[in-house]
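Each chain is listed here by its residues.
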Amino acid sequence: MTPIYQTSTYWQESPGKHKGYAYARGKNPTRSALEKCLAELENAKHGLCFSSGMGAIDAVVKLLNPGDEVITGDDLYGGTYRMFTKVFAKYGIRFHFVNLTDFNAIDDCINENTKLLWIETPTNPTMQIIDIAMCAMIAKKHNIILGVDNTFAAPYLQTSLDIGADIIMHSVTKYLGGHSDVIMGALCLNDDKLYEQLAFIHNSCGATPGPMDSFLVLRGLKTLHIRMQRHCENGHDVAWFLKDHPRIDKLYWPGFADHPNHAVARTQMKDFGGMIAFTLKDASLDDTFRIASSFKVWTLAESLGGVESLVNHPATMTHASIPKEERERVGVVDNMLRLSTGIEHIDDLIEDLKQALQ
Ligand SMILES: Cc1ncc(COP(=O)(O)O)c(C=O)c1O
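Since we're looking at a predicted model, the values are computed, not measured.

### Remarks on the overall build of the protein
- Within the protein, the secondary structure is distributed over 13 helices and 12 strands.
- A compact globule built from 358 residues would reach a C-alpha radius of gyration of about 21 Å, and the protein, at 20 Å, matches this within 12%.
- C-alpha atoms of the protein, sized along the principal axes, occupy 70 × 50 × 35 Å.
- Relative to its 358 residues, the protein shows a buried fraction of 56%.

### Concerning the nonpolar core
- Within the largest apolar cluster, 79 residues are counted, with the highest numbers of intra-cluster contacts made by Leu 117 and Leu 146.
- Among the elements that take part in this core, helix α9 (residues 224-243) stands out by supplying six residues, more than any other.
- In contact with Leu 117, other than residues within four places in its own chain, are Ile 71, Leu 100, Ile 106, Cys 135, Ala 139, Ile 144, Ile 145, Leu 146 and Gly 147.

### Observations concerning helix α1 (residues 29-41)
- Relative to the 18 Å expected for 13 residues at 1.5 Å per residue, α1 spans 18 Å between its end C-alpha atoms, a close match to the ideal helical length.
- Taken as a whole, α1 has its buried residues at Pro 29, Thr 30, Arg 31, Ser 32, Leu 34, Glu 35, Leu 38 and Ala 39.
- Those residues of α1 that are buried are in contact with β1 (46-50), β7 (185-189), α7 (192-205) and α8 (211-221).
- The backbone nitrogen of Thr 30 has a side-chain oxygen 2.8 Å away, supplied by the residue at the start of α1, namely Asn 28.

### Focus: the sheet that holds strand β10 (residues 299-300)
- Taking strand neighbours across the sheet as the criterion, the five strands line up as β8-β9-β12-β11-β10 in an open arrangement whose pairing is mixed. Looking along the sheet, the strands with just one partner apiece sit at the ends: β8 (248-252) and β10.
- For β8 and strand β9 (residues 275-280), the ladder comprises three bridges, and the chain directions are antiparallel. When the bridges of β9 are listed, Leu 251 appears paired with Phe 278.

### Here's the deal with the packing of aromatic side chains
- Tallied over the entire structure, the rule returns nine aromatic pairs.
- Between Trp 240 and Phe 256, the aromatic rings sit 5.0 Å apart at their centres with planes inclined by 80 degrees, giving edge-to-face as the arrangement. Residue Trp 240 is found in helix α9, and its partner Phe 256 is found in the loop between β8 and α10 (262-268); the two are separated by 16 residues along the sequence.
- Judged by its relative accessible area of 46%, Trp 240 is partly exposed.
- Judged by relative accessible area, which is 3%, Phe 256 ranks as buried.

### What to know about the pairing of strand β5 (residues 145-149)
- The buried fraction of β5 amounts to four of the five residues, a majority that puts the element mostly inside the structure.
- As paired strands, β5 and strand β6 (residues 167-171) are joined by three bridges and run parallel to one another. Across the sheet, the residue bridging to Gly 147 is Ile 167, located in β6.

### Structural notes on the pattern of salt bridges
- Taken as a whole and judged by the stated rule, the model has 14 salt bridges.
- Note that Glu 35 and Arg 31 form a salt bridge whose closest N and O atoms lie 3.5 Å from each other. Taken together, the positions of Glu 35 and Arg 31, both in helix α1 and four residues apart, correspond to about one turn of that helix. With respect to burial, Glu 35 and Arg 31 carry one shared label: buried.
- Taking the shortest distance from any N to any O, the salt bridge between Lys 62 and Asp 58 comes out at 2.6 Å.

### Regarding the site of the ligand
- Around the ligand lies a shell of 14 residues, among which Gly 53, Asp 149, Ser 171, Thr 173 and Lys 174 are the nearest.
- The side chain of Asp 149 places a nitrogen or oxygen atom 2.6 Å from a nitrogen atom of the ligand.
- At 2.5 Å, a side-chain N or O of Lys 174 approaches an oxygen atom of the ligand.
- Protein burial of the ligand: of its 390 Å² of free accessible surface, 93% is covered by the chains.
- Sorting the residues of the shell around the ligand by element identifies α2 (53-61) and β6 as the ones contributing at least two each.

### Looking at the environment of Ala 56
- Among the secondary structure elements, Ala 56 is positioned in helix α2.
- If we skip the residues at most four places from it in the chain, Ala 56 touches Phe 50, Met 169, Gly 185, Ala 186 and Leu 187.

### Section: the sheet that holds β1
- One open sheet accounts for seven strands, arranged β1-β7-β6-β5-β4-β2-β3; its pairing is mixed. Every interior strand has two partners, whereas the edge strands, β1 and β3 (94-98), have only one. Going across the sheet, the axis of each strand differs from the next one's by a mean of 20 degrees, ignoring polarity.
- For β1 and β7, the ladder comprises five bridges, and the chain directions are antiparallel. In the sheet register, Leu 48 faces β7, and the bridge partner there is Leu 187.
- Against the sheet, α7 makes contact with β1, β5, β6 and β7, and its axis sits at roughly 20 degrees relative to β1, the strand it touches most.

Thresholds applied
- Residues numbered from 1 in each chain as written.
- Predicted model: local features only at pLDDT ≥ 70, side-chain atom pairs only at ≥ 80, totals over all residues.
- Heavy atoms only, no water.
- Helix = DSSP H or I, 4+ residues; strand = E, 2+ residues; numbered from the N terminus.
- Rg over C-alpha atoms; globule rule 2.2 N^0.38 Å.
- Buried < 20%, exposed > 50% of the residue type's maximum accessible area, 1.4 Å probe, protein only.
- Core = buried A, V, L, I, M, F, W, Y, C linked by side-chain atoms within 4.5 Å.
- Contact = heavy atoms within 4.5 Å.
- Expected span 1.5 Å × (residues − 1).
- Polar contact = N/O pair within 3.5 Å; in protein donor to acceptor, adjacent residues only side chain to side chain.
- Pairing = 2+ DSSP bridges.
- Phe/Tyr/Trp six-rings, centres within 6.5 Å; stacked < 30°, edge-to-face > 60°.
- Salt bridge = Lys/Arg side-chain N within 4 Å of Asp/Glu carboxyl O.
- Near = heavy atom within 4 Å.
- Areas by Shrake-Rupley, 256 points an atom, 1.4 Å probe, with all protein chains shown as cover.
- Axes fitted to C-alpha atoms, helices over the stretch in contact; angles between N-to-C directions.

Encoded structure:
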């Protein structure tokens, strides 16, 4: 097993002469093992681990300068939206939030200041699938960096560098860690120059994770393929159970043939995952809260991607930082619930859904 190098600093034979490790903000052997492992999973040359997913996105935006512009999706994780609009906008970086399934909408925003195209796919929580290869074509043509938040898919379902992304980001907190016991982020990439810039920001700004967390993620990764397989199987069965359920209005899962981006999902993903969102028919906020609180096997909690199944109310939990009109425009309404299907026995999950939705 990889040792947990619980150390902040390392012996040096003479000043600057050491065994590759000087101070643990910059480098730690347990973290290095994890960075190498994540890079291999993403078919990347380089990996960098951060103390959270947000820390990883923060480092990418810090590649930019005041006056630079970013094109990103109008259906984003609320924390990413909050960081873009509340933290970086005031440093003179401009963000365009567009429907990324509409390539004309992307094209319309591009100008000489555009430096980053930032996409999430599948999107959180409406499960749109963004065509990574198409975005890569646009990004290459205009010399823009393409960053992909691969959190929902994990490398088991989608290796975005292989289809043209420049940087992959993960909230490692989710499927990669897999056990709801670690907060961590990661970036994986091939370009040496970009890696040097990001490693510089990583060490300079200091959002680096500790060795114990790195160890836990290394352990979690050993079962990633088995967990993902079960997440997909259970996700499939839960989605089909909900499909014609009388309490459900809209249902978002990319595995359905009538999902608007099903064909793209089939091309760029190996399977459709365990993330599902739905709206409740004729339900008020109170009705929605009552149902969200009535699960016995599923747990009402933020986050996703752990072995335990979670229910989340995006409007007041994960996406509360997005103004109501903006989130409602993309379908994140008060009567929406999001499911992260775990790896429990499918009968227990379905039974619990039945009683909660009765
Ligand atoms: C798609 C997505 N990206 C980024 C993040 C942020 O990651 P973290 O919570 O590890 O900072 C999350 C967290 O929920 C997420 O769902």
